[in-house]
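Chains, contacts and geometry: an overview
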Amino acid sequence: MKKIALLGILLAFFCTANQTEAKNSMNTLDAKETALVAISMYTAQGDMPRLKQALSTGLDAGLTVNEIKEVLVQLYAYCGFPRSLNALGNFMQLT
């Protein structure tokens, strides 16, 4: 009986430790995700000089041209069509 209780305690400990590690890794953004946030933010603000830097950073982080284009196209519904088009124009100048 003591072996089963000890096994249960060890199993609970390892499950808790594994769950804590999973939560910590889920709460952080990688470089690509961080770049997408910056691209979206500067597009929404209409800050084109900073957007150009964020686009360059996104490409350096490993985002593909199609991923960035898709984000900029999807943003028109949330930021407005003119800002999305301006962002796409800046991106086309960059690539």
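Going by the structure above, here's the rest.
Overview of the structure. (Residues numbered from 1 in each chain as written. Predicted model: local features only at pLDDT ≥ 70, side-chain atom pairs only at ≥ 80, totals over all residues. Heavy atoms only, no water.)

Considerations on the nonpolar core
Where we set the bar: Residues belong to a common nonpolar core when they are buried Ala, Val, Leu, Ile, Met, Phe, Trp, Tyr or Cys residues joined through side-chain atoms within 4.5 Å. Here's how the labels work: a residue is buried when its accessible area is under 20% of the maximum for its type, exposed when over 50%, partly exposed in between, all with a 1.4 Å probe on protein chains only. Starting at the N terminus, helices and strands are each numbered in turn, a helix being any DSSP run of H or I of at least four residues and a strand any DSSP run of E of at least two. The contact rule is simple, with two residues in contact once any of their heavy atoms fall within 4.5 Å.
Formed by 15 residues in total, the largest nonpolar core has its most connected members in Ile39, Leu51, Leu55, Leu63, Ile68, Leu72 and Phe91. Counting residues per element, the ones that place at least two in this core are helix H2 (31–45), helix H3 (48–61), helix H4 (65–74) and helix H6 (81–94). Broken down by element, the residue count for this core peaks at four residues, all from H3. Beyond its immediate stretch of four places on either side in the chain, Leu63 contacts Lys32, Ala35, Leu36, Ile39, Gly58 and Ile68.

So, H2
Where we set the bar: Expected helix span is computed as 1.5 Å times (number of residues minus one). Each polar contact in these results corresponds to two N or O atoms within 3.5 Å; when the atoms are within protein, one needs to be able to donate a hydrogen and the other to accept it, and residues that are neighboring in sequence are counted only if both atoms are side-chain atoms.
End to end, H2 covers 21 Å across 15 residues, agreeing with the expected 21 Å (1.5 Å per residue, within 8%). Where H2 is buried, its residues touch H3, H4 and H6. Capping the start of H2 is the job of one residue whose side-chain oxygen sits 3.3 Å from the backbone nitrogen of Lys32: Asp30. Phi for Gly46, located one or two positions after H2, is positive at around 75 degrees.

A short note on the pattern of salt bridges
A pair can form between side chains of opposite charge whenever their charged atoms are brought close. Applied cut-off: For salt bridges, the criterion is a side-chain nitrogen of Lys or Arg within 4 Å of an Asp or Glu carboxyl oxygen.
Summed over the entire model, instances satisfying the criterion amount to one salt bridge. For Asp47, the salt bridge goes to Arg50, with nearest N and O atoms at 3.8 Å.

Section: the packing of aromatic side chains
Inclusion rule: A pair of aromatic rings is counted whenever rings of Phe, Tyr or Trp (Trp by its six-membered ring) have centres within 6.5 Å, and the orientation is called stacked for planes under 30 degrees apart, edge-to-face for over 60 and tilted otherwise.
One pass over the structure, following the stated rule, counts one aromatic pair. Relative to Phe81, the ring of Tyr76 has its centre 5.7 Å away and its plane inclined at 90 degrees; by these criteria the two rings are edge-to-face. Taking relative accessible area as the criterion, Tyr76 reaches 43% and is therefore assigned partly exposed. Judged by its relative accessible area of 48%, Phe81 is partly exposed.

Quick look at the environment of Phe91
Assignment of secondary structure puts Phe91 in helix H6. Each residue touching Phe91, except ones within four places of it in the same chain, is listed here: Leu55, Leu59, Val65, Ile68, Lys69 and Leu72.

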